[in-house]
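# Structural characterization, general
One-letter residues, chain by chain:
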Amino acid sequence: MDQYGFATKAIHAGQEPDPTTGSVIVPIHATSTYAQDGVGGLRDGFEYSRTGNPTRAALEECLAALEGGTHGRAFASGMGATDTALRALCRPGDHVIIPNDAYGGTFRLIDKVFSHWGLTHTPVPLSDVDAVRAAIRPETKVVWVETPTNPLLNIADIAALAEIAHAAGAKLVVDNTFASPYLQTPLALGADVVLHSTTKYVGGHSDVIGGALVTSDAELDAAFGFLQNGAGAVPGPFDAWLTLRGIKTLALRMEKHSDNAELVAAALLDHPKVTRVYYPGLPEHPGHDVAARQMRRFGGMISFSVDGGEDAALKVCARTRLFTLAESLGGVESLIEHPGRMTHASTAGSLLQVPADLIRISVGIESGDDLVADLLTALD
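Residues numbered from 1 in each chain as written. Predicted model: local features only at pLDDT ≥ 70, side-chain atom pairs only at ≥ 80, totals over all residues. Heavy atoms only, no water.

## Topic: the sheet that holds strand S12 (residues 358–362)
The strand order across the open sheet formed by five strands is S8-S9-S12-S11-S10, and the pairing between neighbours is mixed. At either end of the open sheet lies a strand with only one pairing partner, and these are strand S8 (274–278) and strand S10 (324–325). (Pairing = 2+ DSSP bridges. Helix = DSSP H or I, 4+ residues; strand = E, 2+ residues; numbered from the N terminus.)

In structure tokens:
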């Protein structure tokens, strides 16, 4: 499928018509096990659905194609994928560099779970390549990147960080959830592994939980596959099917998300009660030039701070009508949340604690003017 464009891959990669029935949509293979033609005589390589399932295999092939990789693995959640990546790449005593504004769930897993396993970590502003270089240790095995970051929308130069990581003998893992493979393909910029919470933009409809790892390194994929099967954090066939259905419109949705976010960001920038807008599409954003170089567009995620501190931020979150107060992101509907009390509560008291006056919005694909009006009414 390499010769085809993104939207074509999204609809066709791994999704040939069913050879038995001619179904143009991948069937939901709702089975736990598979008949064998004699002991060890597997049909198409399937034996047990924790190990492999045709619907999941179609999703994995499609995800790999969209990211420009050769191997894809689907998981029951983004955190399941994160856990697998860290256990495959690290051993007790190893060190990981993480963003100093990483997603709260990633920080919690590394700081509260893997610390008992002997893994150490250093939070670093990944937009500062000198700071990343200075944080490298002999035992550093992974540089963990989010770009844009969650929730402060900072931008990391993937190609520059890949050079630093590889010079140190470490792997570069990029959480590409905020950008989606439509806006950014980290493997082409030197990353070793791309991670997704497919719950978000990839699925796109807030109706399924999932995660993914994509790589072009066969040895890494084998390690991911071993843990995927051995630990069992796999999606069911219906989850895989829903995610595949969402992928088909990913290109269209990301264009609309980006259109609307640009309108919203401009409106917030001009509002007297908004003290700061975090959106890489704004020319004044410190990472704008890097984002413009490595992203197709700037996506649908915006954070902003309001005058009046936490109380004012909480009131804005409570006043919107079209922006639903909820965690998560990347669905067709617009969401609003207070990171300090919600998605990033686990970072309280740490170096990653987010500002109390911060609001994060996931700009959906509704009419852009309606979304702007909803936010302005909430602010006023």
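## Here we look at unusual backbone geometry
The amide bond that connects Thr-147 to the next residue, Pro-148, takes the cis arrangement and shows omega of -5 degrees. Residue position: Pro-148 is located in the loop between strand S4 (140–146) and helix H6 (158–167). In the segment running from Asn-150 into Pro-151, the intervening peptide bond is cis, with an omega of 20 degrees. Mapped onto the elements, Pro-151 comes out in the loop between S4 and H6. With a phi angle near 55 degrees, Leu-153 is a residue other than glycine that sits in the positive phi range. Take Leu-153: it is sitting in the loop between S4 and H6.

## Here we look at the nonpolar core
Core analysis: the largest hydrophobic core is formed by 82 residues, its most contacted members being Leu-172, Leu-268, Ile-302 and Ile-361. Examining the composition of this core, we find that eight residues originate from one element, helix H10 (residues 250–269), more than from any other. Within the second largest apolar cluster, 25 residues are counted, among which are Leu-86, Ile-110, Val-142 and Val-193. (Core = buried A, V, L, I, M, F, W, Y, C linked by side-chain atoms within 4.5 Å. Buried < 20%, exposed > 50% of the residue type's maximum accessible area, 1.4 Å probe, protein only.)

## Examining the sheet that holds strand S1 (residues 71–75)
The sheet built from seven strands is open, its strands ordered S1-S7-S6-S5-S4-S2-S3 with mixed pairing. In the strand order of this sheet, the two ends are held by S1 and strand S3 (120–124), each with one partner. Mean inter-strand twist for the sheet, computed between neighbouring axes without regard to direction, equals 20 degrees. Bridge analysis of strand S2 (residues 95–99) against S3 gives five bridges, and the strand direction is parallel. Bridging from a neighbouring strand, His-95 pairs with Thr-120 of S3. On the sheet, H6 packs against S4 and strand S5 (171–175) and is oriented at approximately 150 degrees with respect to S5. (Axes fitted to C-alpha atoms, helices over the stretch in contact; angles between N-to-C directions. Contact = heavy atoms within 4.5 Å.)

## Here's the deal with the domain arrangement of the protein chain
If you check the domain split of the protein chain, you get domain 1 (6–245) and domain 2 (250–379). Each of domain 1 and domain 2 was reduced to a C-alpha centroid, and the two centroids are 25 Å apart. Each partner contributes to the interface: domain 1 provides 41 residues, whereas domain 2 provides 43 residues. Across the domain 1-domain 2 interface, the total number found is one salt bridge. In this structure, Asp-157 and Arg-293 form a salt bridge, with 2.9 Å as the shortest nitrogen-oxygen distance. (Domains from an automatic or database assignment. Salt bridge = Lys/Arg side-chain N within 4 Å of Asp/Glu carboxyl O.)

## With respect to the pattern of salt bridges
Per the counting criterion, the structure on display carries 15 salt bridges. Ionic pairing is found between Asp-130 and Arg-133, a salt bridge with its closest N-O pair at 3.0 Å. On the criterion of helical spacing, the pair formed by Asp-130 and Arg-133 is a turn pair, its members being three residues apart in helix H5 (residues 129–135). Owing to a relative accessible area of 51%, Asp-130 belongs among the exposed residues under this scheme.

## What to know about the UniProt feature "modified residue: N6-(pyridoxal phosphate)lysine" (unreviewed entry) in the protein chain
According to UniProt, the "modified residue: N6-(pyridoxal phosphate)lysine" (unreviewed entry) feature falls on Lys-200. Relative to the elements of secondary structure, Lys-200 occurs in the loop between strand S6 (193–196) and strand S7 (211–215). Owing to a relative accessible area of 15%, Lys-200 belongs among the buried residues under this scheme. Setting aside its immediate chain neighbours within four residues, Lys-200 contacts Thr-177, Ser-328, Leu-329 and Gly-330. In this structure the side chain of Lys-200 is engaged in a polar contact, spanning 2.8 Å, whose partner is the side chain of Ser-197. (UniProt positions renumbered as here; feature names shortened; annotations may be inferred. Polar contact = N/O pair within 3.5 Å; in protein donor to acceptor, adjacent residues only side chain to side chain.)

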